[in-house]
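So you can see what is in the structure, the chains are spelled out below.
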Amino acid sequence: MEKHYLLTGATGVVGSALLKHLVDQKEQVTLLIRAQSEAHLYERLRTLADFCEFSKEDLGLVNAIKTDLYSPNLGLSRQTYQNLENSITHILHCAGNVNMSLPYDTARFQTMEMTRHIVELMESGHHMEKMEYISTVGVAGHTLDEIREEWITHKRTFRNSYEAAKAAAEDFIHDKVKAGLNITVHRPSMVVGDAKSGKNISFQVFYYLCEFLSGVNSFGWIPDLKGACLDIIPSDYVAKLIYWSSCQKKDLPPIMHLCAGPEGNLELNMLSQKVQKIYKANGRVLPVCRKIPVWCYLLFLSLIKFL
């Protein structure tokens with residue numbers, strides 16, 4: 001049977017890069033997209049197709065379905081759900097709410113409901129071969145220890161509800177893998193735009209960090225981050241690695257880290273200098289930047305928060 005991919009989260013950074021790569025490989029893809037109506041679904045698909053620069057021929061490989069991942073049977077009619085059970089061979093689950101300020105109960109509910117319903121489809125499918133589950137390195141929580149490509153079972157503290165919810169979902173996936181499901185968990189570090197063009201469907205944490213390091217919003221006062229590094233990875237690299245994993249059989253480890261590693265880390269003071277240089281080259285007026293010790297900067301922020 002020919003491969004037929006089910007992709008969730010196609011409108012996100014990783015999902016959109018994956019969709020483009022799948023179509024480049026001439027794979028058949030069904031998208032589950034959250035939409036308020038069929039018209040809204042078409043609008044979101046059109047925006048996605050424009051971003052991926054799809055031709056009419058490319059769009060012939062893509063089918064989009066309006067869905068609700070939080071609902072039983074993914075919010076689909078019985079016939080539509082059965083069609084997926086009969087046709088899908090691979091699942092790429094990228095969907096997730098990346099709002100890090102949600103209450104923990106809300107974040108956990110949303111993440112777990114999506115994960116449970118996607119796994120249920122995998123379990124009931126007649127031709128399912130493999131699932132790629134997109135997690136995050138944040139499941140390791142607040143730790144200075146090395147994060148290994150293995151299940152994390154010890155207690156941790158988390159920086160936000162997003163990390164905690166994804167960790168709970170990984171525990172659920174771990175049980176399913178032990179029960180025999182063929183699932184590979186991917187833990188990307190901070191995903192940025194395309195490696196060559198920088199193109200990105202949405203701007204997230206990394207780009208707000210760049211704005212902060214430019215000094216434009218802090219009157220030039222920025223912390224001295226000497227020695228501090230950031231692990232980033234381009235979205236097209238992530239997409240290629242996940243697709244490659246989906247083409248393998250059962251000889252892969254259950255956990256794969258998608259990151260640059262120590263040799264590819266980006267030094268934050270250097271990033272600050274590069275951002276300022278780019279801003280100036282594009283005509284933005286920047287204040288004179290002054291670096292202050294991190295401890296002093298954090299103390300200042302604490303005082304502002306207290307006041």
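Check the entry above for the structure.
Per-chain numbering applies: the sequence of each chain, read as written, is numbered from 1 onward. Selection of residues for local features in this predicted model requires a pLDDT of at least 70, selection of side-chain atom pairs for listing and counting requires 80 or more, and totals for whole chains, interfaces and linings are taken over all residues. Hydrogens are left out, water is left out, and the side-chain values use all remaining heavy atoms of the structure.

A. Molecular detail of the pattern of salt bridges. By convention in these notes, a salt bridge is any Lys or Arg side-chain nitrogen within 4 Å of a carboxyl oxygen on Asp or Glu. All told, the structure shown has 13 salt bridges when counted by the stated rule. Between Glu132 and Lys130 there is a salt bridge, and its shortest N-O distance comes to 2.6 Å. Judged by relative accessible area, which is 0%, Glu132 ranks as buried. A salt bridge links Glu146 to Arg148; the shortest N-O distance between them is 3.4 Å. Three exposure classes are used, based on accessible area relative to the maximum for each residue type with a 1.4 Å probe and protein chains only: buried under 20%, partly exposed in between, and exposed over 50%.

B. Broad picture of the sheet that holds strand β1 (residues 4-8). For two strands to pair, DSSP has to find at least two bridges joining them. Only DSSP runs of H or I with at least four residues qualify as helices, and only runs of E with at least two residues qualify as strands; both kinds are numbered from the N terminus onward. The parallel open sheet is built from seven strands, whose spatial order is β3-β2-β1-β4-β5-β6-β11. The sheet is open, and its two edges are formed by β3 (62-67) and β11 (255-258), each paired on a single side. Each adjacent strand pair in this sheet contributes to an overall mean axis angle of 20°, direction not counted. Here a residue-residue contact requires only that any non-hydrogen atoms of the pair lie within 4.5 Å. Every axis in this analysis is a line fitted to C-alpha atoms, fitted for helices over the stretch in contact. Angles between the N-to-C directions lie between 0 and 180 degrees. Each of β1, β2 (28-34), β3 and β4 (90-93) is contacted by helix α1 (residues 13-24), which is oriented at about 165° to β1, the strand it contacts most.

C. Layout of the environment of Val13. Among the secondary structure elements, Val13 is positioned in helix α1. Placed 100 residues apart in sequence, Val13 and Glu113 show a C-alpha to C-alpha distance of 21 Å.

D. The arrangement of the side chain of Thr136 in detail. Along the polypeptide, Thr136 turns up in the loop between β5 (130-134) and α6 (161-178). The class for Thr136 is buried, based on a relative accessible area of 12%. One polar contact links the side chain of Thr136 to the main-chain amide nitrogen of Gly138, over a distance of 3.0 Å. With sequence-adjacent residues up to four places away left out, Thr136 is seen in contact with Tyr162, Lys166, Glu170, His186, Arg187 and Pro188. Residues adjacent in sequence count toward polar contacts only when both atoms are side-chain atoms; beyond that, a polar contact is any pair of N or O atoms within 3.5 Å, and within protein one must be able to donate a hydrogen and the other to accept it.

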